Amino acid sequence: MHAELQLDNQICFRLYTAARLITQAYTPMLNELGITYPQYLVLMVLWEQDSQPVNDIAHRLQLETNTVTPLLQRMEKLGIVVRKRGKEDKRQQIVSLTKKGCDMEEEAYKLIPAGMGETLKACPLQMDDYTHLASELDSIIETLKK
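For the structure given in this document, a descriptive report is provided here. Keep in mind it's a predicted model, so treat the numbers as computed, not measured.

1. Some points on the packing of aromatic side chains
In the structure shown here, the tally under the stated rule is 4 aromatic pairs. Between Tyr26 and Tyr40 the ring centres are 5.8 Å apart and the planes differ by 40°, which places this aromatic pair in the tilted class. One end of the pair, Tyr26, is in helix α1 (residues 11-33); the other, Tyr40, is in helix α2 (residues 37-48), with 14 residues separating them in the sequence. Measuring from centroid to centroid gives 6.4 Å for Tyr37 and Tyr40, while their planes differ by 50°, and the two rings are tilted.

Structure, rendered in structure tokens:
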């Protein structure tokens, strides 16, 4: 057996497992909000800056627009966002938060940071470690995007 092909030697497996388990840890909190993890990601983008074109949201999430569009359609049915045609470019769709979507920011703030802190409290990492890890992951992401 080649050592390079052993599961324990794969960074990709660790990243995949960590991402899956982190998403799983978010699930109970997001269920209280009535949203999925991908919907939460869209909300975070819109909480940072409301009323954005679909293309900008997709770009920020590093997803294709054809992945984001059905997500936005479901969010619109939930009354969290509205989509309207752009004023200058009618082909463009602008996504904006509804009052419900705006109000969810406070609900999420009360639930999620403390909830994830509680979930990860047994982990020996400190806040500086998470900041460093985020920077290292950003480097990997930027390298792979090229």
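2. Notes on helix α5 (residues 99-120)
Between its terminal C-alpha atoms α5 stretches 32 Å, which fits the 32 Å expected from 22 residues at 1.5 Å a residue. At Ala108, α5 shows its maximal kink, close to 35°. If you check which residues of α5 are buried, you get Gly101, Met104, Ala108, Ile112, Gly115 and Met116. Its buried side turned inward, α5 meets α1, α2 and β3 (93-97).

3. Notes on unusual backbone geometry
The phi torsion at Ser51 lies on the positive side, around 55°, for a residue other than glycine. Tracing the sequence through the fold places Ser51 in the loop between α2 and β1 (52-53). The exposure class assigned to Ser51 is partly exposed, which follows from its relative accessible area of 39%. The backbone of Gln62 sits at a positive phi, close to 55°, despite the residue not being glycine. With respect to the helices and strands, Gln62 occurs in the loop between α3 (54-60) and α4 (65-77). Gln62 gets classed as partly exposed once you look at its relative accessible area, which sits at 47%.

4. Some words on the pattern of salt bridges
Throughout the structure, instances matching the rule amount to 5 salt bridges. With a shortest N-O distance of 2.8 Å, Arg83 and Glu76 are connected by a salt bridge. Among the residues examined, Glu76 registers a relative accessible area of 27% and is labelled partly exposed. Measuring nitrogen to oxygen at the nearest pair gives 2.8 Å for the salt bridge that ties Asp103 to Lys99. Note that Asp103 and Lys99 are positioned in helix α5 at a spacing of 4 residues, about one turn of the helix.

5. Observations concerning a nonpolar patch on the surface
A cluster of nonpolar side chains, contributed by Ile11, Leu15, Ile140 and Leu144, occupies part of the molecular surface with about 390 Å² of accessible area. Mapped by element, the contributors of at least two residues to the nonpolar patch are α1 and α6 (127-145). Counting through the fold element by element, Ile140 comes out in helix α6. Given the relative accessible area of 37%, Ile140 is considered partly exposed.

Parameters and conventions
- Residues numbered from 1 in each chain as written.
- Predicted model: local features only at pLDDT ≥ 70, side-chain atom pairs only at ≥ 80, totals over all residues.
- Heavy atoms only, no water.
- Phe/Tyr/Trp six-rings, centres within 6.5 Å; stacked < 30°, edge-to-face > 60°.
- Helix = DSSP H or I, 4+ residues; strand = E, 2+ residues; numbered from the N terminus.
- Expected span 1.5 Å × (residues − 1).
- Bend = angle between axes of the 7 residues up to and from the residue.
- Buried < 20%, exposed > 50% of the residue type's maximum accessible area, 1.4 Å probe, protein only.
- Contact = heavy atoms within 4.5 Å.
- Salt bridge = Lys/Arg side-chain N within 4 Å of Asp/Glu carboxyl O.
- Patch = residues over 30% accessible without salt bridge, like charges linked within 9 Å, V, L, I, M, F, W, Y side chains within 5 Å.
- Areas by Shrake-Rupley, 256 points an atom, 1.4 Å probe, with all protein chains shown as cover.

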